[in-house]
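Understanding the architecture of this molecule
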Amino acid sequence: GQGDGMVLRCGSSFLVVDTGPRYEEASPAGWTLVDYLERRGAVGVKVAITHGHLDHFGGLAELLASGRVSEILVAEVDSSRSWVRRTLLAAANEGVRTRFLAAGDVITVNHCRIDVLWPRPDAGTLSSNNRSLVLTWSTPAGPVLASGDLERAAEGRLLNDNLLPEVAAFLKVAHHGGNTGTDAAWLERLRPVHAFVSSGAGNRYGHPDEALLRRVRESGASIHRTDRCGFLR
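Residues numbered from 1 in each chain as written. Predicted model: local features only at pLDDT ≥ 70, side-chain atom pairs only at ≥ 80, totals over all residues. Heavy atoms only, no water.

1. Overview of the sheet that holds strand β4 (residues 69-75)
Formally: Should DSSP find at least two bridges between two strands, the strands are regarded as paired. The helix count covers DSSP runs of H or I at least four residues long, the strand count covers runs of E at least two residues long, and both are numbered beginning at the N terminus. Here, axes are lines fitted to C-alpha atoms. For helices the fit covers the stretch in contact, and angles between N-to-C directions go from 0 to 180 degrees.
The strand order across the open sheet built from 5 strands is β1-β2-β3-β4-β5, with neighbouring strands paired in mixed fashion. Looking at strand neighbours, the two that pair on one side only are β1 (5-10) and β5 (97-101), the edges of this open sheet. Across the sheet, the mean angle separating the axes of adjacent strands is 20° when strand polarity is ignored. Looking at chain direction, strand β2 (residues 13-19) and strand β3 (residues 45-48) are connected through 3 bridges and run parallel. Each bridged residue has a counterpart across the sheet, and for Val16 the counterpart in β3 is Val47.

2. Observations regarding the pairing of strand β6 (residues 106-109)
Applied cut-off: The buried label goes to any residue with under 20% of its type's maximum accessible area, the exposed label to any with over 50%, and the partly exposed label to all in between, with areas taken from a 1.4 Å probe on protein chains only.
The side-chain alternation of β6 yields one buried face, formed by Ile107 and Val109, and one unburied face, formed by Val106 and Thr108. Two strands pair when backbone bridges link them, and β6 and strand β7 (residues 112-118) are joined in this way by 4 bridges, in the antiparallel orientation. Pairing of Ile107 across the sheet is with Ile114, part of β7. Linking two consecutive strands that pair antiparallel, namely β6 and β7, is a turn of 2 residues; a positive phi of about 55° is found at Asn110 within it.

3. Observations concerning the state of the cysteines
Cut-off, in case you're wondering: Only a pair of cysteine sulfur atoms within 2.5 Å counts as a disulfide in this structure description.
Overall, the coordinates contain 1 disulfide when judged by the stated rule. At a sulfur-sulfur separation of 1.7 Å, the disulfide partner of Cys10 is Cys112. Taking the sign of the S-S torsion, -110° for the link of Cys10 and Cys112, the bridge is left-handed. Here the residue Cys10 occupies a position in strand β1, and Cys112 occupies one in strand β7, the gap between them amounting to 102 residues. The pair formed by Cys10 and Cys112 is uniform in burial state, with each residue classed as buried.

4. Remarks on the sheet that holds strand β11 (residues 194-197)
What holds strands together in a sheet is hydrogen bonding between their backbones, with the strands either parallel or antiparallel. With mixed pairing, 7 strands are arranged side by side in an open sheet as β6-β7-β8-β9-β10-β11-β12. The two strands at the open ends of the sheet, each matched to only one other strand, are β6 and β12 (222-225). Taking the axes of each pair of neighbouring strands and ignoring which way they run, one obtains an average angle of 20° across the sheet. Across 3 bridges, the pairing between strand β8 (residues 134-137) and strand β9 (residues 144-146) is antiparallel.

5. Looking at the side chain of Glu155
Which entries qualify depends on this criterion: Asp and Glu are treated as the negative residues and Lys and Arg as the positive ones, with His and the ends of the chain left uncounted. Take a side-chain nitrogen of Lys or Arg and a carboxyl oxygen of Asp or Glu: if they are within 4 Å of each other, that pair is a salt bridge.
As for its position among the elements, Glu155 is in helix α5 (residues 152-160). Salt bridges are absent for the buried Glu155, whose nearest opposite-charge side chain, Arg152, sits at 6.1 Å.

6. What to know about the packing of aromatic side chains
The criterion, for reference: Two rings from Phe, Tyr or Trp (for Trp, the six-membered ring) form a pair when their centres are within 6.5 Å of each other. A pair whose planes differ by under 30 degrees is stacked, one over 60 is edge-to-face, and the rest are tilted. In this scheme, Lys NZ or Arg CZ marks a charge over a ring once it lies within 6 Å of the ring centre and within 35 degrees of the ring normal.
For the structure shown, the criterion picks out 3 aromatic pairs. Ring geometry for Phe14 against Tyr36: centres 6.2 Å apart, planes inclined by 85°, an arrangement best described as edge-to-face. Of this pair, Phe14 sits in strand β2 while Tyr36 sits in helix α1 (residues 33-39), and the two are 22 residues apart along the sequence. Phe14 sits in the buried class, given a relative accessible area of 2%. On the basis of an interplanar angle of 15° and a centroid distance of 6.2 Å, the ring pair of Phe170 and Phe196 is categorised as stacked. Here the residue Phe170 occupies a position in strand β10 (residues 170-172), and Phe196 occupies one in strand β11, the gap between them amounting to 26 residues. Here the basic side chain of Arg40 rests over the ring of Tyr36, its NZ or CZ set 3.7 Å away from the ring centre.

7. What to know about the nonpolar core
The cut-off we apply is this: Remark: nonpolar core denotes a set of buried residues (Ala, Val, Leu, Ile, Met, Phe, Trp, Tyr, Cys) joined through side-chain atoms within 4.5 Å. In this description, contact between two residues means that some pair of their heavy atoms is separated by no more than 4.5 Å.
Judged by nonpolar contacts, the single largest core of 22 residues is most densely connected at Leu145, Leu150, Leu158 and Trp186. Contributing elements (two or more residues each) for this core: β7, α5, α6 (184-190), β11 and α7 (210-218). Every residue in contact with Leu158, bar those within four places of it in the chain, is listed here: Leu117, Trp118, Val134, Leu150, Leu163, Leu164 and Trp186.

8. A closer look at α5
Applicable threshold: Here, the arc refers to the directions that run from the helix axis to the C-beta atoms.
For α5, every residue scored as buried is listed here: Ala154, Glu155 and Leu158. Mapping the buried residues of α5 onto a view down its axis gives an arc of 105°, with all of them on the same face. Each element contacted by the buried residues of α5 is listed here: β7, β8 and α6.

9. Brief notes about the environment of Ser132
Short version of the rule: Here a polar contact means two N or O atoms within 3.5 Å. Within protein one must be a hydrogen donor candidate and the other an acceptor candidate, and residues neighboring in sequence count only if both atoms are side-chain atoms.
Along the polypeptide, Ser132 turns up in the loop between β7 and β8. For the pair Ser132 and Ala169, spaced 37 residues apart in the sequence, the C-alpha separation amounts to 20 Å. With sequence-adjacent residues up to four places away left out, Ser132 is seen in contact with Thr50, His51, Trp118, Pro119, Ser147, Gly148, Asp149 and Leu150. Side-chain polar atoms of Ser132 contact the side chain of His51, separated by 3.3 Å.

Listed below in structure tokens is the structure:
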């Protein structure tokens, strides 16, 4: 659907980054994320919510109800937001702890290290999209960078402050491929080989934007889209 949900698997341990959207009382997380985790017998799952938009945390209730979640991770700059307070209450009711993150923190999942690049503590005045958690980790095939719905303002800060990894062979394109960032300077710095776009088929926002897709193609990266391919592994 029109949203984001990603799983990082490290041996028998898992990190979920965002949980997809919710439509009225239903969310795709039930037959996607929860099904994936159940088939693998996953327990003690950590769930990072990049920011407070429903297309990124709409499926959290279903994940919590599965009994497989041990910890929820959210940005420190969002700690006083109403959506986080509701999340804390829901997590506490399920016996799940919550951890607040800021740039420089590390998430450990089994043998995997996930570095938190953003947001910094002074990002609280930025828009919700620009407060998105930006995470990076290494794989045998190359580094991955996932940046929620990050837009130009925060991308510029990351570029100017030199907070990015040397490369990101696998780039989760921000904001469902909207033309709100992922500019040429960003792509030149990260040099992605594969770019992943999570967007719903026929969505009303026009994602992914053709200008954005053109920039990504010109950077040399291969584009993979959930609206055309379904699940991406």
